[in-house]
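# Coordinates in review
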Amino acid sequence: MRKKYLVANWKMFKTPRQAREDFLTLARGNVQASSQTVDCAVAAPTLYLSELALLARSSPLKLLAQNCHWASEGAFTGEIAAPMLKETDVRGSLVGHSERRQHFGETDETAGRRVGALLRAGLEAILCVGETLEERKAGKVEEVLTRQLTVAMAASGLRHRFEVEGANAQSPLLALAYEPVWAIGTGQAATPVEAREAHGCLRRVAARLLGAEFAERLRILYGGSVNPQNVASFVSEADVDGALVGGASLAPESFEALRASCAR
Ligand code: PGA
């Protein structure tokens, strides 16, 4: 039985003060009460990670980064490395978000290398994949998802299942987020059936790459215009194990409504 996972993607929003106050509100809220049924996390802007890590210490609310470089250190201006996240008590990072792919030239390969660096450091990686509207219209959803996951896993350099699992085999270090590009920030979410089909495809590819038993434990989140009204329709689908939420995760009361729906 996979535990549900709700991840807030704060992107490039909030002042330092708002970030501190909102993180505290969430950390002190009901995340503890529902921690048996749902894991909750916030992916925060890099600048805020050190401070928020201190606030996350005594809370089940996990702190994640929004990106992580593949090298453990080096001349890579503007990047952060997995050992830096680890020492700051950040638990992991999003990887290959479509906004990174669209605006910053991220590819399946670079996303995969970042996944490898995180997992080797014992940190979580949430690898984001998803098709564009043109690809969907051309009937290429499965082809695109298969390529994105296969190329990323090959580039990660991870060859053994235990490397992708980490110490807590119940909730492996690797998770996937299916985020159709056309649904992100548009208010036009996929339908639960579209999500179910895409998640089913990803789980089949994961089974081929990493074994059926691992694929059964792999959490696959849906992202793209999720809000408190529609989240239940996604997480009630068999293959949808949670949500990665941008806009509707920013206000603490909205996040709390999402959490309550996921915990049900
Ligand atoms: P959205 O963003 O919920 O605002 O559509 C989701 C994401 O980018 O992860």
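Here's a quick rundown of the structure. Quick caveat, the model's predicted, so the values are computed rather than measured. (Residues numbered from 1 in each chain as written. Predicted model: local features only at pLDDT ≥ 70, side-chain atom pairs only at ≥ 80, totals over all residues. Heavy atoms only, no water.)

## So, the environment of Val235
Going by this rule: In this text, helices come from DSSP runs of H or I with a minimum length of four residues, and strands from runs of E with a minimum of two, each type numbered from the N-terminal end. Exposure classes here rest on a 1.4 Å probe applied to the protein chains alone. A residue is buried below 20% of its type maximum, exposed above 50%, and partly exposed in between.
Tracing the sequence through the fold places Val235 in helix 11 (residues 231-235). A residue is classified by how much of its surface remains accessible, and Val235, at 8% relative accessible area, is buried. For the pair Val235 and Ala195, spaced 40 residues apart in the sequence, the C-alpha separation amounts to 9.9 Å.

## Here's the deal with the pattern of salt bridges
Between side chains of opposite charge, pairing is possible as soon as their charged atoms come close. Filter applied, for reference: By convention in these notes, a salt bridge is any Lys or Arg side-chain nitrogen within 4 Å of a carboxyl oxygen on Asp or Glu.
All told, the structure shown has 23 salt bridges when counted by the stated rule. Salt-bridge contacts for Asp241 lead to Arg203; the nearest nitrogen and oxygen are separated by 2.8 Å. On the criterion of sequence distance, the pair formed by Asp241 in the loop between helix 11 and strand 8 (242-245) and Arg203 in helix 9 (residues 192-210) is long-range, its members being 38 residues apart. The burial state of Asp241 is the same as that of Arg203; both residues are buried.

## Points about the site of the ligand
Stated formally: Only a single heavy atom is needed: when it lies within 4 Å of a molecule or strand, its residue is near that molecule or strand. Side-chain atoms alone can form a polar contact between residues adjacent in sequence; in general such a contact is a pair of N or O atoms within 3.5 Å, and within protein one must be able to donate a hydrogen while the other accepts it. The protein chains shown are the only cover counted for residues, whose accessible areas, like all others here, come from Shrake-Rupley with a 1.4 Å probe. Each residue gets one of three labels, nonpolar for Ala, Val, Leu, Ile, Met, Phe, Trp, Tyr, Cys and Pro, charged for Asp, Glu, Lys and Arg, and polar for the others, Gly among them.
Neighbouring the ligand are 13 residues, the closest being Lys11, His97, Glu179, Gly185 and Ser225. A distance of 2.7 Å is found between an oxygen atom of the ligand and a side-chain nitrogen or oxygen belonging to Lys11. One nitrogen or oxygen atom from the side chain of Glu179 is found 2.7 Å from an oxygen atom belonging to the ligand. Relative to its free-state accessible area of 280 Å², the ligand is covered by the protein chains to the extent of 95%. The residue inventory of the shell around the ligand, partitioned by class, reads four nonpolar, seven polar and two charged.

## Here's the deal with the pairing of strand 8
This is how it is decided: Two strands make a pair as long as DSSP finds a minimum of two bridges between them.
Residue alternation in strand 8 divides its side chains into two sets, Gly242 and Leu244 and Ala243 and Val245, and both sets are buried. One ladder, built from four bridges, connects strand 1 (residues 4-9) with strand 8; its direction is parallel. Note that in strand 8 the partner of Tyr5 across the bridge is Gly242. As paired strands, strand 7 (residues 219-223) and strand 8 are joined by two bridges and run parallel to one another. Among the inter-strand pairings, Gly223 is bridged to a residue of strand 8, identified as Leu244.

In short, the description is geometric, and any link to function would need to be established separately.
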